[in-house]
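Close look at the chain arrangement
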Amino acid sequence: KSTGLSPNVWGRALGWFGMAMVDALDHFPQEHKGRDSIIQILNRFAKAVTSVQDGKTGLWYDVPNKPAEPKNYVEASASSMLVYTLAKGVRKGYLSKTFLSNAQKGFDGLKNEFIKEEGGQTALHGTVMVSGLGGKPYRDGSFEYYMREPVIVNDPKGMGAFILAANEFEM
């Protein structure tokens, strides 16, 4: 089944792209000729990312279109960003209300899988520390590269994305 996602797409890159669209739309006047194009892209994007949303947890894998690959794992920052994108897209009327159930399932998954109480503090687990592309001999964009990156607790990129997602549900 084709998702419209290219091989070895990185979950956090999808999250940043989705957030950029819903946040940029806040600054486009209704009559701007490019606004409808961004909304159309956002709708195709939402359909693609929800097609690779994990049915059990509601989250997204670090490499979302390869969920069955050994060592692949659901990842907190990408999932938070995609939840935020879907929830804000629905709230602002850019996306169909049907995507709210995907956002809710993802938000529930974030709370169930990644939020832990530790020593009287709330911690966010499950964020990949660093991933990206940058040329040889490192950051080659392969599946193996992504699976070698450390996963840490309370990473600022993950925490910021989670706060945005949680705030979106409060609104």
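In this text, all values refer to a predicted model and were calculated from it rather than measured experimentally. (Residues numbered from 1 in each chain as written. Predicted model: local features only at pLDDT ≥ 70, side-chain atom pairs only at ≥ 80, totals over all residues. Heavy atoms only, no water.)

1. What about the confidence of the model for the protein chain?
Where we set the bar: A residue's pLDDT is the confidence the predictor assigns to it, expressed on a 0 to 100 scale. Helix and strand definitions here come from DSSP, where helices need a minimum of 4 consecutive H or I residues and strands a minimum of 2 consecutive E residues; each element is numbered from the N-terminal end.
When pLDDT is averaged across the protein chain, the result is 90; 89% of the residues are at 70 or more. Here helix H5 (residues 143-148) stands out as the element of the protein chain with the lowest mean pLDDT, 81, in contrast to helix H4 (residues 99-114), whose mean of 98 is the highest.

2. Some words on the nonpolar core
This is how the line gets drawn: In this text, buried Ala, Val, Leu, Ile, Met, Phe, Trp, Tyr and Cys residues form a nonpolar core when linked through side-chain atoms within 4.5 Å. Accessibility here uses a 1.4 Å probe with only protein chains present; expressed as a share of the type maximum, an area under 20% marks a residue as buried, one over 50% as exposed, and anything in between as partly exposed. Residue contacts are counted whenever heavy atoms from the two residues lie within 4.5 Å of one another.
Core analysis: the largest hydrophobic core is formed by 35 residues, its most contacted members being Leu42, Phe45, Trp60, Leu86, Leu95, Leu110 and Phe114. The greatest single-element share of this core, amounting to 8 residues, is contributed by helix H3 (residues 76-91). Those residues within four positions of Trp60 in sequence are excluded, and the remaining contacts are Val49, Val52, Gln53, Tyr73, Val74, Glu75, Ser79, Leu82, Val83 and Leu86. The next biggest cluster of nonpolar side chains, apart from the first, holds 8 residues, and it includes Tyr73, Phe143, Tyr145 and Tyr146.

3. Points about the pattern of salt bridges
Rules: Criterion for a salt bridge: a side-chain nitrogen of Lys or Arg within 4 Å of a carboxyl oxygen of Asp or Glu.
In the structure shown here, the tally under the stated rule is 6 salt bridges. Across the pair Lys111 and Asp108 runs a salt bridge whose closest N-O atoms are separated by 3.8 Å. Here Asp108 and Lys111 lie together in helix H4, a separation of 3 residues that amounts to about one turn. The exposure class of Lys111 is partly exposed, given its relative accessible area of 38%.

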